[in-house]
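# Residue-level structural notes
Each chain is listed here by its residues.
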Amino acid sequence: MWVVVVWVIVAVVVCLLTMCSPFIANLCTDFLPKKSGTRDDVHYFGFPMPSTDIYMRCFDTHGDKKDPSRNFNTSSCTKLDYNGMAQCCPELLELYFSDELCSAAAEAMGVEKLYLNDPQVDVNCIFLRKYVEGDHLAFHYDNNFAIGTRYSAVIPLHVTQNNTSEFIMIDRDNRIQIMPISLGQGVVYNGWQIRHAITGQIQGEERIVVVVHLYDNPRMNLWGKLRKKARDLTYKSLSL
Ligand SMILES: [Fe+2]
């Protein structure tokens, strides 16, 4: 009788661990310290600005305001994903979800070719982020569920004069590096390797950026798909 009970307990524990393993793997890659990089691992490139500012109104109608009280105060901003952009400001998709952006970022990174992800696979393959008073992003590593390396391109679209919301990174010597990005410029970096954050915004100021994920191979294997499902659940429940 006791042998059966022990086997049932072992089976339940194994099942639970198996179900939790994508979540545990995501936690490890998101937070366990890595070697990080240097300022030179964040690559700058020039890119045209949009000819319209219609996207500024899209946050009110299609944006997702993050609730920092649900995520241990690690993330506060308003986000507009691919679907919101497609409905409200498709002209921005034309400009930034493009071969031209892939080429500019690939050239800056010194890699042969970079690819966009499929919005049907990841609705966050491109998104806008707006930082107003109190908004910020705590230090983190980006996740990557693809077979290849994922790079993040960040391009500011609108920055008010006294903006305090800046892209910063911690380098491999544990020093905080401020990485200013001017309008008409973008940066591209391996966010899985480089620990980075966005500093807090003050009253009356605003910063809007477009973020595009680029891959040398965006395909996912089964493990990547499970981890992405786990990430989507986590993001939803923690308002990330
Ligand atoms: Fe990030």
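An account of the accompanying structure is given in this report. (Residues numbered from 1 in each chain as written. Predicted model: local features only at pLDDT ≥ 70, side-chain atom pairs only at ≥ 80, totals over all residues.)

We now examine the overall build of the protein chain. A tally of helices and strands in the protein chain yields 6 helices and 13 strands. Expected size for 240 residues packed as a compact globule is a radius of gyration near 18 Å; at 19 Å, the protein chain falls within 12% of this value. Each of the three principal axes of the protein chain carries a C-alpha extent, and together these read 75 × 40 × 40 Å. Counting only residues that meet the buried cut, the protein chain has 31% of its 240 residues in that class. (Helix = DSSP H or I, 4+ residues; strand = E, 2+ residues; numbered from the N terminus. Rg over C-alpha atoms; globule rule 2.2 N^0.38 Å. Buried ≥ 20, exposed ≤ 12 C-beta atoms within 10 Å, placed from the backbone.)

Our next topic: the pairing of strand E12 (residues 195-198). Summarising the sheet, strand E7 (residues 136-140) and E12 pair through 2 bridges and their orientation is antiparallel. Its bridge partner lying in E12, histidine 140 is registered against histidine 196. The sheet contact formed by strand E9 (residues 167-170) and E12 spans 4 bridges and is antiparallel. Across the sheet, phenylalanine 167 pairs through a bridge with isoleucine 198, a residue of E12. (Pairing = 2+ DSSP bridges.)

Contact geometry for helix H1 (residues 2-31) and helix H6 (residues 222-238): axes closest at 8 Å, N-to-C directions at 75 degrees. Taken as axis vectors, H1 and H6 run roughly perpendicular relative to one another. For the pair formed by H1 and H6, the contact residues are Pro22, Phe23, Ala25 and Asn26 on the first element and Leu226, Arg227, Lys229, Ala230, Arg231 and Thr234 on the second. By residue class, the composition of the contact of H1 with H6 is 5 nonpolar, 2 polar and 3 charged. (Axes fitted to C-alpha atoms, helices over the stretch in contact; angles between N-to-C directions. Parallel < 35°, antiparallel > 145°, perpendicular 65-115°, else oblique. Contact = placed C-beta atoms within 7 Å. Nonpolar A, V, L, I, M, F, W, Y, C, P; charged D, E, K, R; others polar.)

Attention now goes to the nonpolar core. Side chains of nonpolar character tend, in soluble globular proteins, to be buried together. Ranked by size, the top nonpolar core spans 45 residues in total, and within it Tyr96, Ala105, Ala153, Val188 and Val210 carry the most contacts. At 6 residues, strand E13 (residues 207-215) tops the list of elements feeding residues into this core. What tyrosine 96 contacts, discounting residues up to four positions off in sequence, is Leu101, Ile126, Ile155, Val210 and Val212. (Core = buried A, V, L, I, M, F, W, Y, C linked by C-beta atoms within 7 Å.)

As a further point, take the sheet that holds E12. If you walk across this open sheet you meet the 5 strands as E3-E7-E12-E9-E10, and the pairing is antiparallel. Every other strand in the sheet has two partners, leaving strand E3 (75-76) and strand E10 (176-178) as the edge strands with one partner each. Inspection of the sheet shows E3 paired to E7 by 2 bridges, in the antiparallel sense. The residue of E7 that forms the bridge with serine 76 is histidine 136.

Glancing now at helix H2 (residues 55-62). Those residues of H2 that sit buried are Tyr55, Cys58, Phe59 and His62. Seen along its axis, H2 keeps its buried residues to an arc of 110 degrees; they face one direction. Away from its buried face by more than 90 degrees, H2 exposes Arg57, Asp60 and Thr61. Its buried side turned inward, H2 meets strand E4 (78-80), helix H3 (82-88), helix H4 (90-96), strand E6 (126-131) and strand E8 (150-159). (Arc of directions from axis to C-beta.)

With that settled, the discussion passes to unusual backbone geometry. Notably, phenylalanine 72 is not glycine yet its phi reads approximately 60 degrees, a positive angle. You can see phenylalanine 72 is positioned in the loop between strand E2 (64-65) and E3. Phenylalanine 72 gets classed as exposed once you count the C-beta atoms within 10 Å, which come to 9. You will see that asparagine 73, though not glycine, has its phi angle at about 60 degrees, which is positive. Tracing the sequence through the fold places asparagine 73 in the loop between E2 and E3.

Take helix H5 (residues 99-109) next. When H5 is considered as a whole, its buried residues turn out to be Leu101, Ala104, Ala105, Ala108 and Met109. Here the buried residues of H5 occupy an arc of 130 degrees about the axis, which is enough to place them on one side. Residues Asp99 and Glu100 are exposed on H5 and point more than 90 degrees away from its buried face. Looking at the packing, one finds that the buried side of H5 touches strand E1 (43-46), H4, E8, strand E11 (185-189) and E13. Directly beyond the C-terminal end of H5, a positive phi value near 75 degrees is found at glycine 110.

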